[in-house]
Amino acid sequence: MKTAHPTRALPATASGAPLLVVQDLAVSYGGIKALKGVSLEVRRGEVVAMIGANGAGKTTTLKTIVRLLPIATGKISYDGKDLGGVLAEDVVGRGISLVPEGRAIFPNLTVKENLELGAWNHKNRNAMDETIEDVVKLFPRLGERMQQEGGTLSGGEQQMLAIGRALMARRT
């Protein structure tokens, strides 16, 4: 699968250097401290899993990385650039997407329309078509269901669609 945008370079991080760095992250919901001292690093090509009990802060960490939640203290950087003051839509443009819990697809839109919405950050028709092909290679079932409404898919197919939609964003 292609992970680079057809008109933009890959992240400039040196081989072996961390692509995503979270340092001493703290996040609060009002007066409640949800995260305190979270740190992690992810290098290019690495797969990292966060494991913990309900309420341990996994979702809060991810929502903060993509800038859906404010940072109380700490630092988040991607490809060597600070994400602290970056808007959520600009984080997507840099190549970071979040697949939400519960899939959160658009049930009344077709599979194809759901996928195309994932490319809102670049709206490049050639890149969209190319990435839809890549998503269908990864999830052939979606290719069979392109004109079907998302809400009529099985739970597993909806999860494929949510992941495919996140992959559509690519770097801008």
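Structure: above.
Summary of the structure given here. Predicted model, so just to flag it, every value in this text is computed and none were measured. (Residues numbered from 1 in each chain as written. Predicted model: local features only at pLDDT ≥ 70, side-chain atom pairs only at ≥ 80, totals over all residues. Heavy atoms only, no water.)

**Things to note about the pairing of strand β2 (residues 32–43)**
Then, in step 1: As paired elements, strand β1 (residues 18–29) and β2 share eight bridges and run antiparallel to each other. Each bridged residue has a counterpart across the sheet, and for S28 the counterpart in β2 is K33.
Then, in step 2: From the end of β1 to the start of β2, which pair antiparallel, there are two residues, and G30 there has a positive phi angle of about 65 degrees. (Pairing = 2+ DSSP bridges. Helix = DSSP H or I, 4+ residues; strand = E, 2+ residues; numbered from the N terminus.)

**Digging into the pattern of salt bridges**
Then, in step 1: Evaluated as defined, the whole model comprises seven salt bridges.
Then, in step 2: Here K81 ties to D79 by a salt bridge, and the two come within 3.9 Å at their closest N and O atoms.
Then, in step 3: Judged by relative accessible area, which is 9%, D79 ranks as buried.
Then, in step 4: Shared partners join several salt bridges into a network, and the residues in it are R141, E144, R145 and E157. (Salt bridge = Lys/Arg side-chain N within 4 Å of Asp/Glu carboxyl O. Buried < 20%, exposed > 50% of the residue type's maximum accessible area, 1.4 Å probe, protein only.)

**A word on the sheet that holds β2**
Then, in step 1: Reading across from one edge, β2-β1-β3-β4 is the order of the four strands in this open sheet, with antiparallel pairing throughout. For this open sheet the edge positions go to β2 and β4 (81–82), each flanked by a neighbour on one side alone.
Then, in step 2: Strand contacts of helix α1 (residues 58–65): β1, β2 and β3 (73–78), with the helix running at about 115 degrees to β1, the strand carrying the most contacts. (Contact = heavy atoms within 4.5 Å. Axes fitted to C-alpha atoms, helices over the stretch in contact; angles between N-to-C directions.)

**Quick look at α1**
Then, in step 1: T60, T61, T64 and I65 are the residues of α1 that are buried. Each buried residue of α1 sits inside an arc of 135 degrees when the element is viewed along its axis, so together they form one side.
Then, in step 2: Where α1 is buried, its residues contact β1, β2, β3 and α2 (88–93).
Then, in step 3: Positive backbone phi, at 70 degrees, marks R67, one or two positions downstream of α1. (Arc of directions from axis to C-beta.)

**Examining helix α6 (residues 155–168)**
Then, in step 1: Helix length check: α6, at 14 residues, gives a terminal C-alpha distance of 20 Å against a target of 20 Å (1.5 Å per residue), a fit within 8%.
Then, in step 2: When α6 is considered as a whole, its buried residues turn out to be E157, Q158, L161, A162, G164, R165, A166 and M168.
Then, in step 3: The secondary structure elements touched by the buried residues of α6 are α3 (111–117), α4 (125–138) and α5 (140–144).
Then, in step 4: Looking one or two residues past α6, R170 carries a phi angle of roughly 45 degrees, positive in sign. (Expected span 1.5 Å × (residues − 1).)

**Digging into the side chain of Q158**
Then, in step 1: Note that Q158 resides in helix α6.
Then, in step 2: Dropping the residues within four chain positions of it, Q158 is found in contact with R103, I105, G150, G151 and L153.

**A word on the nonpolar core**
Nonpolar side chains tend to gather and get buried jointly when the protein is soluble and globular.
Then, in step 1: Counting residues in each nonpolar core, the largest one holds 17 residues, and the members touching the most others are L20, L25, I76 and L83.
Then, in step 2: Of all the elements in the fold, those that place two or more residues in this core are β1, β2 and β3.
Then, in step 3: Broken down by element, the residue count for this core peaks at five residues, all from β1.
Then, in step 4: For L83, the residues in contact, after removing those within four places along its chain, are I65, R67, I76, S77, Y78, V91, R94 and I96. (Core = buried A, V, L, I, M, F, W, Y, C linked by side-chain atoms within 4.5 Å.)

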